[in-house]
Amino acid sequence: MTQTLTTEQRISVAREYVKQVFIGHDAERARDFFTADVAWHGDTLGTVNGLDTIVPILAGFIDALTDIHAEVQDVIASDDLVALRQVVTARHTGTLLGIPATNGPVHWDAVDIYRVNDDGKISEQWAFEDLAAVLSQVGGVKLPWAWS
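These numbers were taken from a predicted model, which means no experiment stands behind them.

Caption draft 1: Quick peek at the side chain of E124. Considering the arrangement of structural elements, one finds E124 in strand β6 (residues 122–129). E124 sits in the buried class, given a relative accessible area of 17%. One polar contact links E124 to H41, side chain to side chain, over a distance of 2.7 Å. The contact partners of E124, leaving out residues within four places of it in the chain, are V38, A39, H41, I113, Y114 and R115.

Here it is in structure tokens:
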């Protein structure tokens, strides 16, 4: 019989996932946090299903960045959902979304929502990363308000 997790326990799972996978720079650790049939909604990147599909996507993102730091600004939780609003900083040291390393700093805002089941596993994630900010900082796009 599975015991129902408290809201605080679900928040801890989400925080630990960010710490181990992103700050810890270890996409493979996502396997410890996700269910096998996890659904990952990547905003403009689309929705992908299954652990073996998601881990390489995470690795592609994480491997292109070093010195990742995510500062949690807000936490909102209800039932089995946990939302973390974060400010993320890193250094662009590898190919990111087809853009070669610049070795420059990047920072962006992120809101990630996690569905944490009673086994303490993430069965669904919605990742809202400010990719326009990231891409503008690594030279992938020039934002209209940044034109001279």
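The rest of the description comes next.
Caption draft 2: Geometry of the sheet that holds strand β3 (residues 65–78). Strand order in this open sheet of 6 strands is β2-β1-β6-β5-β4-β3, and the pairing throughout is mixed. Looking at strand neighbours, the two that pair on one side only are β2 (47–49) and β3, the edges of this open sheet. For this sheet the average axis-to-axis angle between neighbouring strands, irrespective of direction, equals 20 degrees. Note that strand β4 (residues 81–92) and strand β5 (residues 105–116) share 11 bridges and pair antiparallel.

Caption draft 3: Region of interest: unusual backbone geometry. Located in the positive-phi region is H25, a residue other than glycine, with phi close to 60 degrees. The topology assignment puts H25 in the loop between α1 (7–23) and α2 (30–33). Residues other than glycine seldom take positive phi values, yet L97 does so here, at roughly 50 degrees. As for its position among the elements, L97 is in the loop between β4 and β5. For L97, a relative accessible area of 46% puts it in the partly exposed group.

Caption draft 4: Seen up close, the packing of α1 against helix α3 (residues 51–62). It is at 11 Å that the axes of α1 and α3 come closest, and there the two elements cross at 65 degrees. Residues Y17, V21 and F22 of α1 form the contact with α3, whose own contacting residues are L58, F61 and I62. By residue class, the composition of the contact of α1 with α3 is 6 nonpolar, no polar and no charged.

Caption draft 5: Representation of the side chain of R10. With respect to the helices and strands, R10 occurs in helix α1. Judged by relative accessible area, R10 falls into the buried class, the value being 6%. With residues near it in sequence (within four places) discarded, R10 still touches T4, L5, D79, D80, V82, V116, N117 and D118.

Criteria and cut-off values
Residues numbered from 1 in each chain as written. Predicted model: local features only at pLDDT ≥ 70, side-chain atom pairs only at ≥ 80, totals over all residues. Heavy atoms only, no water. Helix = DSSP H or I, 4+ residues; strand = E, 2+ residues; numbered from the N terminus. Buried < 20%, exposed > 50% of the residue type's maximum accessible area, 1.4 Å probe, protein only. Polar contact = N/O pair within 3.5 Å; in protein donor to acceptor, adjacent residues only side chain to side chain. Contact = heavy atoms within 4.5 Å. Pairing = 2+ DSSP bridges. Axes fitted to C-alpha atoms, helices over the stretch in contact; angles between N-to-C directions. Nonpolar A, V, L, I, M, F, W, Y, C, P; charged D, E, K, R; others polar.

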